[in-house]
Amino acid sequence: MAAASSTSLLLLKVAHLPHRGRALLAAHTLLPGQILLQESPLLYYLEAQAAASKSFCSHCLRCLSQSASASPCLTCQDVLFCTPACALAASASSHTPFVCRAFCGLIGCIRDADLQTQARYLIAAYNLGVVSPAAFQQLLLLEGEGVVDDNTAVLHSFMRETVQSVRLSMQTLPTWSVELVAALLAKDQRNAFGLMAPTVLPGQRKVRAYAIYTQASFLNHDCLPNAGRVDYVDRMGGRNTDIIIRALHEVPEGREVCISYFPINWPFADRQKKLKEEYGFDCKCERCKVEESWSDREQAEDISVEGEEGDEEMGSPQKDEMEEADQDSFPHAMFFFKYLCPRDDCGGTMVPLPPDLDGASASMECNVCGHLRTEESFLEDLENHSVL
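Now for a quick tour of the structure. (Residues numbered from 1 in each chain as written. Predicted model: local features only at pLDDT ≥ 70, side-chain atom pairs only at ≥ 80, totals over all residues. Heavy atoms only, no water.)

What follows concerns the overall build of the chain. Of regular secondary structure, the chain possesses 13 helices and 15 strands. Residues counted as buried form 51% of the 388 residues belonging to the chain. If you take every contact in the chain between residues at least 6 apart in sequence, the share linking residues at least 24 apart comes to 65%. Split by element, the accessible area of the chain, about 18300 Å² in all, is 52% carbon and sulfur. (Helix = DSSP H or I, 4+ residues; strand = E, 2+ residues; numbered from the N terminus. Buried < 20%, exposed > 50% of the residue type's maximum accessible area, 1.4 Å probe, protein only. Contact = heavy atoms within 4.5 Å. Areas by Shrake-Rupley, 256 points an atom, 1.4 Å probe, with all protein chains shown as cover.)

Below, the discussion takes up the pairing of strand β1 (residues 12-17). In the sheet, β1 pairs with strand β2 (residues 21-26) via six bridges, with the strands oriented antiparallel. Bridged to K13 within β2 is L25. Taking the residues that link successive antiparallel strands as the turn, the β1-β2 hairpin has three residues, and the phi of H19 there is positive, at about 65°. (Pairing = 2+ DSSP bridges.)

Assignment of secondary structure puts R229 in strand β10 (residues 227-230). Of note is the side chain of R229, whose polar atom sits 2.8 Å from the side chain of D231. (Polar contact = N/O pair within 3.5 Å; in protein donor to acceptor, adjacent residues only side chain to side chain.)

The strand order across the open sheet built from three strands is β3-β11-β10, with neighbouring strands paired in antiparallel fashion. Strand pairing shows two members of the sheet lacking a second neighbour, β3 (35-39) and β10, which therefore form its edges. Each adjacent strand pair in this sheet contributes to an overall mean axis angle of 15°, direction not counted. (Axes fitted to C-alpha atoms, helices over the stretch in contact; angles between N-to-C directions.)

The next subject is the packing of aromatic side chains. For the coordinates displayed, the defined rule picks out 11 aromatic pairs. With 6.0 Å between their ring centres and 15° between their planes, F136 and W176 make a pair best called stacked. Residue F136 is found in helix α5 (residues 133-141), and its partner W176 is found in the loop between α6 (150-169) and α7 (178-191); the two are separated by 40 residues along the sequence. The residues F136 and W176 share a single accessibility class, namely buried. Put simply, the rings of F98, Y126, F136 and W176 touch in pairs and so form one group of aromatic residues. Here the basic side chain of R120 rests over the ring of F103, its NZ or CZ set 4.4 Å away from the ring centre. (Phe/Tyr/Trp six-rings, centres within 6.5 Å; stacked < 30°, edge-to-face > 60°. Lys NZ or Arg CZ within 6 Å of the ring centre and 35° of its normal.)

Once that is clear, we can look at the pairing of strand β14 (residues 363-366). With three bridges connecting them, strand β13 (residues 350-352) and β14 associate as antiparallel partners. Among the inter-strand pairings, V351 is bridged to a residue of β14, identified as E365. Where β14 lies against strand β15 (residues 372-374), three bridges are found, and the strand directions are antiparallel. If you follow E365 over to β15, its bridge partner there is L372. Taking the residues that link successive antiparallel strands as the turn, the β14-β15 hairpin has five residues, and the phi of G370 there is positive, at about 85°.

Here the focus is the state of the cysteines. When the sulfur atoms of two cysteines share a covalent bond, that bond is a disulfide. Taken as a whole, this structure holds zero disulfides when the rule is applied. The thiol sulfur of C57 is not disulfide-bonded, and the nearest other cysteine sulfur, from C60, lies at 3.6 Å. (Disulfide = S-S within 2.5 Å.)

This paragraph deals with the pattern of salt bridges. Scanning the model with the defined rule gives 12 salt bridges in all. One salt bridge in this structure joins D231 and R229, with 2.8 Å as the shortest N-O distance. Judged by its relative accessible area of 22%, D231 falls in the partly exposed class. Sharing partners across several salt bridges, the network here consists of R271, R287 and E291. (Salt bridge = Lys/Arg side-chain N within 4 Å of Asp/Glu carboxyl O.)

Turning our eyes to something else, we now look at the side chain of E256. Mapped onto the elements of the fold, E256 is located in the loop between β11 (243-247) and β12 (258-259). Within the local environment of E256, its side chain forms a polar contact with the side chain of R20, the two groups lying 2.8 Å apart. If we skip the residues at most four places from it in the chain, E256 touches L17, R20, A23, L24, L25, N220 and N226.

To continue, consider the environment of L372. The residue L372 is located in strand β15 in this model. In this structure, the C-alpha to C-alpha distance between L372 and M350, residues 22 residues apart in sequence, is 8.3 Å.

Core analysis: the biggest nonpolar cluster contains 47 residues, and L43, Y121, L122, L139 and W176 have the highest contact counts within it. Those residues in contact with L122 that sit more than four places away from it in its chain are L155, M159, W176, V181, L184 and L185. Counting 40 residues, the second largest nonpolar core, distinct from the first, contains A26, L37, A227 and V257. (Core = buried A, V, L, I, M, F, W, Y, C linked by side-chain atoms within 4.5 Å.)

The next thing to look at is the sheet that holds strand β8 (residues 207-212). Taken in spatial order, the three strands line up as β4-β8-β7 in an open sheet, and their pairing is antiparallel. Only two strands of the sheet have a single neighbouring strand rather than two, namely β4 (43-46) and β7 (192-196). Strand-to-strand, the axes of this sheet are offset by a mean angle of 25°, without reference to chain direction. Pairing analysis gives five bridges linking β7 to β8, with the strands arranged antiparallel. If you follow L195 over to β8, its bridge partner there is A209. Here helix α4 (residues 113-131) sits on the sheet and contacts β4 and β8; the angle it forms with β4, its principal contact strand, is near 145°. Each of β4, β7 and β8 is contacted by α7, which is oriented at about 55° to β7, the strand it contacts most.

See below:
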């Protein structure tokens, strides 16, 4: 499961920035919609509830068609594959005999869904170390230092017992320390991207799986990002689990390329809480400098959010209030008017499609619902709302 990458090495360069660590900078001027990074995952794993739903292939992660017969693993019957070809490919990569044995004991040992998801990550990480030791070393180099707590101890005990049971019947496998388990969990928390399930109801998207990408992990956060992430997990063909990063607007040479780690319509307090608890820093971006002076009432009125924590679910802002915002009190209103999906209760980011041969991107797509909007339609909306 070692990552494959088609990164445009001439577009981005790695740098170390004060107080921000590793970062990706524009090697020269970037155009709206330009693909800056396309990378296959270092590892990936289904979220526990998504796995229990039996709605997704355990190898390619695509939705399982209700009309087609899925291919179950002959040993752990709860694991399904969309085709026999996927099952065969998984047997040598994502669903080896070790993974199969670990899944057989998982539900009986760990009941909590969140801990099950973390255990699935550790199983995938251990399997990576067996299948591709060099790729596992890449995982260890990612940022994230863990702290041993009660949950870590539970997960370490599960992994120890799983490895011991496999060792007795299959092969000699290394034993992880509880400190290594804690460090790996921290790397997952800091670097994993959620691969979303299809939208069922507005504002109620769920994560189907998580994936870690080596080079994408260098992308830092900004609450007014200049790049957006898109993925096409359910498309046919290869590399459907790739992460794709495209420029939102023109980015000058030397400027850091940033994404948002969560929906761009989150209010100040929620953004700060998420970044502090999960990424360990206080955001001081231009948007946060403006919004930290707002009262709680102003924040709730201008940008509101519903749903659970994390990037799994998202609410929508009060668009009427944003469209009427005074540029003095909310100087970034134009950013949201252009890049926030206009559909109610979506909360996605409008990302320009790749530019044509003339270097222009005429349309944008929402990275959540897939809504398409042309430049002409956007300009009409600006005129209708008297933003021009």
